[in-house]
Structures are given as structure tokens and as C-alpha cells.
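Coordinate analysis (summary)
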Amino acid sequence: MAQEEAQKSADVVVVSAEKPMTDKEVTVPAPVPEKEVTPPVASEEKAVPEKDEKATVEAEAEKSAPVKEEEEETVVAEKVIVPTPEELEKKALEEFKELVREALNKREFTPPPPPVKEEKPEDKKPAEESKGEEKTEEKKEEETPAVPAQEEAVKTEEKPSEPAATPAETKSEEKAAAPVTTEKASGAEEDGTKTVEAIEESIVSVTPPESTAPVVVETTVVAEAEPVEPEEVSIYGVPLLQDERSDVILLKFLRARDFKVKEALTMLKNTVQWRKENKIDELVEAEAGEEASEFEKMVFAHGVDKEGHVVIYSSYGEFQNKELFSDKEKLNKFLNWRIQLQEKCVRTLDFTSPDAKSSFVFVSDFRNAPGLGKRALWQFIRRAVKQFEDNYPEFATRELFINVPWWYIPYYKTFGSIITSPRTRSKMVLAGPSKSADTIFKYISPEQVPVKYGGLSNDISLTTGDTVIEAIVKPAAKYTIELPASEACTLSWELRVLGADVSYGAQFEPTAEGSYVVIVSKNRKIGLTDEPVITNSFKVGEPGKIVITIDNQTSKKKKVLYRFKTQPMSDL
């Protein structure tokens, strides 16, 4: 039978070899065991690789598809969206506000006073008595060894903190302890040479350890469970986190610390503490002293710059006044007055939005400033600058140093080292005496600049709203200015020549032909010691113009500043 089955299988294989195999024939072969199948014929070898190729192509296609998706995903992941500075600023502000809120809830802006430790004699006695009892017990154990059962009774009596045990518990404890004592007693009877140390070891193993820690833990838990109300803190007259204006103030502290939130929080805490220690809120309401009129000549706020920031002028030459600054007490009076002025100016600023003008332009005049040899005075100035930098951060949009003497330029880095913030250093501009007016006019319009510093802001008849016109007079040349008057009116004007040393004259010329000419101001020389601003007016009875002539006979060009306005006769 086996030979017949082998013959049949051989016949099947031969038939398949004569006819080319199709997919159907391959899928339905004769039921032959795999071990007995002969090697495939050439036709089979060709057909099977076709299937393998299809399968491998499909597998590769399936594998390649997810790989492409992964590649696309990686490409998308590589395209990281970089947040804008405004988004980073907003994120830092939100994080900063959370830290401030947490600090307010924990009342961290007002640190509690250091606790005073008072040791009462009643507290000392129990501790000393307990120590004495422990020492006596140790001596008794060393001198006279007690029987374990007796020691156990003594230990239980000396524990006042443990609750009294019930009769059932005492019985169970006696039963549990009885075998130990009997074993030890029998051992002692059998061996009469047992030492005192062995007995002490047996006593220690029976007695439970003492502990008084739970009493302390209970008292601390009760103290921490007391509710604490959030702290209310105001700065520059604005409540923190309770007013939308506080966002602008918090941003100033963030910028001062390069948006490092934790450092900004530390700076804010220090500022709040400084304000409480110096009673700034009370200082704002306080009346100025007798020296206030003299101090106002040194530091005052006047006008705005071209962007709308309030300008504060400081004259360092006034520090030479020995009557005002003869000792430390007078210097401290000036510092308190200066802080009062700063606080009042800060409270007038607009903190409603980041785009509002919430900072100042500082103009520091170094004309006749004290020399660097006066170290005590310069140390005071450095200390004052440091206080304003730490407690009024980012309130300076620009720092202009004018009339800087030649000896000061080499020491610029020394003075600049006082200002630690790189942002503030980038706002500093230095100018010598010949460039001071031009430097000021670059940032502040002449009509907003006091006459003392080269501007025209001093006349009552002309307001700061009247625009100032600038002109250049070339060397060895004349320059004429025409001010028209179309009707009967009063024509007023102000004029200033920077550097002086020119001639000035003015006359009225009517529009009608053949009319007369009225001399308003004869030609005269303007020197450096003369009044720097020329103010004049003329009543015009008919249409015409005022002609002003500036004659520059020097080899240097001169800058002329002037403004004018007309007032009809009906308004007079």
C-alpha cells in the first residue's frame, strides 16, 4: 500500500511538471505530507518568486507609508513656533502675578518681628527635676539591682502621661510578663554566679521606651490651622492685584530684572519693605520744610518731551551751596524732599495701559558741579541714585547729562557703574557745554525747555503750545525773519540765538506801497552776558509784517529759535 501511495504522489508531481502551474492548481495541491514532497520543478521555482516579489512590494509599501507619516510628523515638530516678545511678556506677567498673589496670601510682604524667647523659672524647674530623677534612678540601678518584677512596678508608677490601664489589660500584661520573670528568676536560682549586668539587661528589655513628642506635635498643628487673611499692599498709590493699573507697575519690576520672575518678586518685596520703613505714604502728605524753596531750584519738573513724557531737571551745581549741604543732616533733608517730589510725580502718571506715558525724562545739569575730590558728597549722590534705581525701577525713559565738564568724561564709566541695569545705561546721553542745547532739542521741543537750559518756556504771553521755529544763520551772513499781520492786532514774539555774539534789529513794514517804516527795535549787539531771550510786541494798526534781522559776523554758524502769535484788537 505504501508503494502505491508513493506512486500516486509521483504521478501527481509529474503531471504538474508537464503542464504549467496556475494559481488554482497551486492553491489546491494533492494532500501529501510536506516531508515526502520532492524538490519543485523549474516552473514552480519561477511562479513562487512572483508571489514573493508581490508580497515584498506590498510589505515595503505598507512599511513606507507610516514612515512617511512619521517623517511628516517630525518635520512639523521641527517647525517650532517662536513666541513673540509680547507673548513672552504676557506669560511672565501672569506667572509673576501668581507669585505675588501667593505671597499676599501668606503675608510675606510684611515679615513678622523676630520672636523674643523668654524662659520662665517655672519651665526650668520641671526640666531640672526630671534630670535629677533620671540621675538618681541611674545611680540606684548601678548600686542596688532590683528584681525585674519590682522594677516593672516602679516604672509603671512613674509614667503620668500614659492613661490608666483597665483591669483586663493589667491581667493580660501580667500574664505576658510572668513567663519572662519566672524564666529569669529560675535562671538566677540555677546559676548563682549571674552578674548584675545580666539582671540590668533583662530589666531594660522588659521596660517600654518613654516619649513625649506627641504633646509638642499636637500644639504645632493647632497653631498652623488658624486661618490667615490675605495681605493688602499698595505701591505708588495703586493696590497690588486689585487694580488693573498694577499690571503696568509689575511689568516695570519684571523689566528691571530681565523678566526673571523670582528676582522681580524679591525686588518688589524689598521695595514694599523700604516704603514701609521710610513711611513713604505719610511723606507724600507731609508739608514741605523751610528749605523747600531752595531745593526747588535744584530739582523741578517742567514740560514734556516730544513723546509726552514728563521732564525732571536736576542741577548738580547747587550742591556747592554750603549753607544747604554743610552736614549729613541737611543732606538727608534734601533726600527726603527729593523722594517726596519723586513720589508725587509718580502718582500723576498714567498706569492704565503699557502704551501710556508712565516714565520720565531726566535732565542732569553738571555746570559748576562739585569736583570728584569731594568724596563724601559724591558718596551721598551715589547712595541716592541707588535708592531711586532699586525702588523706582524703569521710571526713566531717558537720562540726559548736559554741560558735562572735560574732567568728568574720563570718569563716565565710574559714575555709570552706579547704575547696575544695562537697560538704564543704554538710556544715558552725555553732552558737553557746546552741544547741550542741541542734545536737549533732539528729545524736547524748545517751547518746552526752560530758558535756563536754552529754551523759550518762560514768557507768560506765549504758552508752551505755541510752536518754536528753528533756523540756522551761516557764518558772516545775515538772516531775516518775517512775521505777518493781516489785520489790526497785537503781534508778540520771542527769539533766542544760541551762542549769542550777533546783532539784532526789528521793524514794521506796512503792506501798502509808499508807506512808512516803523523801527521797533534798533540794531544792537547781543553778548553772552545779555539776557538770552528777546521778548517783544507791537500793536499793528494796518496789514503788514514785522521784519527781524540777525547779523552773524563770526566764523561759526548760529542757531535761532523763535515763536510768535497774533491777538486781534477785538480780544483785547
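For the structure, see preceding data.
For clarity, every value in this text was computed on a predicted model and none was experimentally measured.

Taken as a whole and judged by the stated rule, the model has 20 aromatic pairs. Aromatic pair Y236 and F395: ring centres 5.3 Å apart, planes at 85°, arrangement edge-to-face. Pair noted here: Y236 is in the loop between β1 (234-235) and β2 (238-239) and F395 is in the loop between α15 (375-391) and β6 (396-402), with a separation of 159 residues, a long-range link. You can call F395 buried: its relative accessible area is 2%. A centroid spacing of 6.5 Å and a plane angle of 15° characterise the contact between Y316 and W378, whose relative ring orientation is stacked. Note that Y316 is positioned in the loop between β4 (310-315) and α14 (328-347) and W378 in helix α15, a separation of 62 residues in sequence.

Residue class for Y236 comes out buried when judged on its relative accessible area of 2%. With 112 residues separating them along the chain, Y236 and T348 place their C-alpha atoms 9.8 Å apart. Separated by 2.6 Å, the side chain of Y236 and the backbone oxygen of N391 make a polar contact.

Attention now moves to α14. The terminal C-alpha atoms of α14 lie 29 Å apart, and with 20 residues this matches the ideal 28 Å at 1.5 Å per residue to within 8%. Residues of α14 that are buried: L331, F334, L335, W337, R338, I339, Q340, L341, Q342, E343, C345 and V346.

Looking now at the sheet that holds strand β8 (residues 469-473). Within the open sheet, the 4 strands sit side by side as β8-β15-β10-β13. Their pairing is antiparallel. Pairing within the sheet leaves two strands with one partner each, and these edge strands are β8 and β13 (533-540). This sheet shows a mean twist of 25° between the axes of neighbouring strands, independent of strand direction. Across 5 bridges, the pairing between β8 and strand β15 (residues 558-568) is antiparallel. Note that in β15 the partner of A471 across the bridge is V560.

Quick notes on the rules
Residues numbered from 1 in each chain as written. Predicted model: local features only at pLDDT ≥ 70, side-chain atom pairs only at ≥ 80, totals over all residues. Heavy atoms only, no water. Phe/Tyr/Trp six-rings, centres within 6.5 Å; stacked < 30°, edge-to-face > 60°. Helix = DSSP H or I, 4+ residues; strand = E, 2+ residues; numbered from the N terminus. Buried < 20%, exposed > 50% of the residue type's maximum accessible area, 1.4 Å probe, protein only. Polar contact = N/O pair within 3.5 Å; in protein donor to acceptor, adjacent residues only side chain to side chain. Expected span 1.5 Å × (residues − 1). Pairing = 2+ DSSP bridges. Axes fitted to C-alpha atoms, helices over the stretch in contact; angles between N-to-C directions.

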